[in-house]
Amino acid sequence: MQVYSKRLTDLLLSCLFLLTVGWWFFLIISICIALESRGPVIFKQLRHGRNNRPFYCYKFRTMKFDPARKFHQAQKNDPRITKVGYFLRTTSLDELPQIFNILLGEMSFVGPRPHALPMNREYSEKLQRFMCRHMVKPGITGLAQAKGLRGEIKDDKDIHFRLTYDLFYIKKWSLMFDFKIMILTVKCLLFNNEKAY
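Residues numbered from 1 in each chain as written. Predicted model: local features only at pLDDT ≥ 70, side-chain atom pairs only at ≥ 80, totals over all residues. Heavy atoms only, no water.

Turning next to the packing of helix 6 (residues 156-172) against helix 7 (residues 175-191). Where helix 6 meets helix 7, the closest approach of the two axes is 9 Å, and the angle between their N-to-C directions is 145°. Counted together, Phe168, Tyr169 and Lys172 of helix 6 and Phe177, Asp178 and Ile181 of helix 7 form the full contact between these two elements. (Axes fitted to C-alpha atoms, helices over the stretch in contact; angles between N-to-C directions. Helix = DSSP H or I, 4+ residues; strand = E, 2+ residues; numbered from the N terminus. Contact = heavy atoms within 4.5 Å.)

Shown next, in the form of structure tokens:
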């Protein structure tokens, strides 16, 4: 029953956002991206969803368009990031198109953050229970991100702490827990955002 309540909450919040703010906000962001650099406004990347099923995760494009480039995790002062992209990344507005992933049933507002497939392959070899993160739908935000663990993964300790938070979330999940994480995420964005780049 709670699973259906989570899905209903995701749909209601998504539709409310798109009908009130999203439709014009997306248009403004899209125009800014298109004016600064050539290429598609939306960036899509294969990531693992629930039960390890791959899906295309949508984001606003924040880097210079280069269809031939191989995956490489964004770093601080990354020269590939555009000026508009830097603003979108530091405010996490680049994640907003994942609202459409929610409508498609591939993501939720709250859950373990999905990683690019090469990162999953790397970390699953280092951490035994890493792929257990995919027992639930991935989220636009998660407990780890609400606690300030976001941005570049620099070492094994970073990913270990994120995994610990993700598994704790899966074990203790409830709708109230989701709302608490959303509130903590907003606080993190406002007051603890130095790792976003």
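Applying the stated criterion across every chain yields a total of zero disulfides. Take Cys15: it sits in no disulfide, and the sulfur closest to it among the cysteines is that of Cys57, at 19 Å. The cysteine Cys57 is free of any disulfide, with Cys188 supplying the nearest cysteine sulfur at 19 Å. The class of Cys57 is buried, set by a relative accessible area of 1%. (Disulfide = S-S within 2.5 Å. Buried < 20%, exposed > 50% of the residue type's maximum accessible area, 1.4 Å probe, protein only.)

On to unusual backbone geometry, then. Here Asn51, not a glycine, exhibits a phi torsion of approximately 60°, which is positive. Structurally, the position occupied by Asn51 is in the loop between strand 1 (42-48) and strand 2 (54-60). The exposed category is assigned to Asn51, whose relative accessible area is 58%. Its identity as a non-glycine residue notwithstanding, Ser92 has a phi of 65°, on the positive side. Overall, the relative accessible area of 15% leaves Ser92 in the buried class.

With that settled, the discussion passes to the pairing of strand 1. Here seven bridges tie strand 1 to strand 2, and the two strands are oriented antiparallel to one another. Residue pairing in the sheet places Phe43 in a bridge with Lys59 of strand 2. Between strand 1 and the antiparallel strand that follows it, strand 2, lie five residues; Asn51 among them carries a positive phi value of about 60°. (Pairing = 2+ DSSP bridges.)

Here we take up the nonpolar core. Ranked by size, the top nonpolar core spans 32 residues in total, and within it Phe60, Tyr169 and Ile181 carry the most contacts. Elements that contribute at least two residues to this core include exactly helix 1 (2-36), strand 2, helix 3 (98-103), strand 3 (108-110), helix 4 (117-126), helix 5 (143-146), helix 6 and helix 7. Take this core: its biggest share by element is five residues, from helix 6. (Core = buried A, V, L, I, M, F, W, Y, C linked by side-chain atoms within 4.5 Å.)

This paragraph deals with the side chain of Ser37. Along the chain, Ser37 turns up in the loop between helix 1 and strand 1. Using a relative accessible area of 15% as the deciding quantity, one classes Ser37 as buried. Polar contacts involving the side chain of Ser37 include one to the side chain of Arg61, which spans 3.0 Å. Apart from the residues within four sequence positions on either side, Ser37 is in contact with Arg61 and Thr82. (Polar contact = N/O pair within 3.5 Å; in protein donor to acceptor, adjacent residues only side chain to side chain.)

Here we take up helix 2 (residues 83-91). Of all the positions in helix 2, only Gly85, Leu88, Arg89 and Thr90 are classed as buried. Each element contacted by the buried residues of helix 2 is listed here: helix 1 and strand 2. The N-capping residue of helix 2, defined by a side-chain oxygen 2.9 Å from the backbone nitrogen of Gly85, is Thr82. Looking one or two places after helix 2, you find Ser92, whose phi comes out positive at around 65°.

As a further point, take the environment of Asn52. Examined against the element boundaries, Asn52 turns out to sit in the loop between strand 1 and strand 2. On a C-alpha basis, the gap between Asn52 and Arg133 in space is 9.0 Å, while along the polypeptide they are 81 residues apart. Ignoring anything within four residues of it in the chain, the contact list for Asn52 reads Met131 and His134. At a separation of 2.7 Å, a polar atom in the side chain of Asn52 contacts the side chain of His134.

The analysis is restricted to geometry; functional conclusions fall outside its scope.
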